[in-house]
Amino acid sequence: MDIRIIGAVILIAATALLILTEVAKRAYTHELASLLEQGEVRAYLALLEKPLVKLVFPAWNRSFMQLNGYIALDAYGEADSVIERMLSMRQNDRQRRELVGKAFNYYLERGNAEGATRLLAEIETWKDADAVAEARMMHDIYIKKGWGYIEDMERRVEGLHGVDRGFLELLLALQYENKGDAAASERYLKRSEKHMRTPVKG
């Protein structure tokens, strides 16, 4: 057979495979998103284990989706294992930053001082002063049990709305808890729960 014909056949086959892979990826992405929205987290995790899903999604992306599922299930042991595996994976700068940011917040919420402190050290190498400052603040509140941001946050909170206000009120509740003022902590926690359910104005 003519070498040009062989080359054309190979090119056509490769193109067809690429198209089929992309179609399958879009279909599975939609199905996975629907399962999460419906709260069918175990079905979502089971789908991620199917051979074709493993074929069409890169290992990093599939692992990140698994992490989301385990966190949604409060399956902390499995989530911890996925994070440790992913931290050792080859990944580009964007993926690394996305993973470190998510894992850092997860460790903060879990009160994992060792994990959060380890990732804070990496965040502090980023060329993003705002992100570094925020990470240090969150680490101070969640891990070191600090309350040094109360005055500044109370000045800013009245100008915020919806989830932005609710998140700041949550941080205030945590700080007052750290400070030992249970009444103020409970007051801000109730406000936070209310505003977290309110859409941001804009």
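For the structure, see preceding data.
Below you will find a few notes about this structure. Everything numeric in this text was worked out from a predicted model, so none of it was measured. (Residues numbered from 1 in each chain as written. Predicted model: local features only at pLDDT ≥ 70, side-chain atom pairs only at ≥ 80, totals over all residues. Heavy atoms only, no water.)

1. What to know about the overall build of the chain
Thinking step 1. Counting its secondary structure elements, the chain contains eleven helices and zero strands.
Thinking step 2. Starting at the N terminus, the α and β elements of the chain follow one another as α-α-α-α-α-α-α-α-α-α-α.
Thinking step 3. When burial is assessed residue by residue, the chain has 36% of its 202 residues classed as buried. (Helix = DSSP H or I, 4+ residues; strand = E, 2+ residues; numbered from the N terminus. Buried < 20%, exposed > 50% of the residue type's maximum accessible area, 1.4 Å probe, protein only.)

2. So, the packing of aromatic side chains
Thinking step 1. Counted under the stated rule, the structure contains four aromatic pairs.
Thinking step 2. Centroid distance W60 to F64: 5.1 Å. Interplanar angle 20°. Geometry classified as stacked. Taken together, the residues W60 and F64, both in helix α4 (residues 59–72) and four residues apart, mark about one turn of the helix.
Thinking step 3. The exposure class of F64 is buried, given its relative accessible area of 11%.
Thinking step 4. On the basis of an interplanar angle of 40° and a centroid distance of 6.3 Å, the ring pair of Y76 and Y106 is categorised as tilted. Of this pair, Y76 sits in helix α5 (residues 76–87) while Y106 sits in helix α6 (residues 93–110), placing them 30 residues apart in sequence.
Thinking step 5. Take Y76: its relative accessible area is 28%, and that puts it in the partly exposed class.
Thinking step 6. Through pairs of rings, three or more aromatic residues link up here, namely Y76, Y106 and Y107.
Thinking step 7. Between the NZ or CZ atom of R110 and the centre of the ring of Y76, over which it lies, the distance is 3.7 Å. (Phe/Tyr/Trp six-rings, centres within 6.5 Å; stacked < 30°, edge-to-face > 60°. Lys NZ or Arg CZ within 6 Å of the ring centre and 35° of its normal.)

3. Things to note about the pattern of salt bridges
Thinking step 1. As enumerated under the stated definition, the model contains twelve salt bridges in all.
Thinking step 2. Among the ionic pairs, E122 bridges to R96, the shortest N-O distance being 2.8 Å. Of this pair, E122 sits in helix α7 (residues 113–123) while R96 sits in helix α6; the two residues are 26 residues apart in sequence, bridging distant segments of the chain.
Thinking step 3. For R136, the salt bridge goes to E124, with nearest N and O atoms at 2.9 Å. Residue R136 is found in helix α8 (residues 129–142), and its partner E124 is found in the loop between α7 and α8; the two are separated by twelve residues along the sequence.
Thinking step 4. Residue class for E124 comes out partly exposed when judged on its relative accessible area of 35%.
Thinking step 5. Through salt bridges with shared partners, one network takes in E151, D152, R155 and R156. (Salt bridge = Lys/Arg side-chain N within 4 Å of Asp/Glu carboxyl O.)

4. What to know about α6
Thinking step 1. Helix length check: α6, at 18 residues, gives a terminal C-alpha distance of 25 Å against a target of 26 Å (1.5 Å per residue), a fit within 8%.
Thinking step 2. Turning to α6, the residues buried within the fold contact α4, α5, α7 and α8.
Thinking step 3. Positive backbone phi, approximately 70°, marks G111, located one or two places after α6. (Expected span 1.5 Å × (residues − 1). Contact = heavy atoms within 4.5 Å.)

5. Concerning the side chain of Q66
Thinking step 1. By the element assignment, Q66 lies in helix α4.
Thinking step 2. With sequence-adjacent residues up to four places away left out, Q66 is seen in contact with Y44, L45, L48, E49 and R85.

6. Structural notes on the packing of helix α2 (residues 41–48) against α4
Thinking step 1. For the pair α2 and α4, the least separation of the axes is 10 Å and the interaxial angle reads 160°. Between α2 and α4, the angle falls in the class roughly antiparallel. Classified by chirality, the crossing of α4 by α2 is left-handed. Contacts between α2 and α4 involve V41, Y44, L45 and L48 from the former and R62, M65, Q66, N68, G69, Y70 and A72 from the latter.
Thinking step 2. The class makeup of the residues in the contact of α2 with α4 is seven nonpolar, three polar and one charged. (Axes fitted to C-alpha atoms, helices over the stretch in contact; angles between N-to-C directions. Parallel < 35°, antiparallel > 145°, perpendicular 65-115°, else oblique. Left-handed = near helix turned anticlockwise from the far one by under 90°. Nonpolar A, V, L, I, M, F, W, Y, C, P; charged D, E, K, R; others polar.)

None of the figures reported here should be taken as evidence of function without further support.
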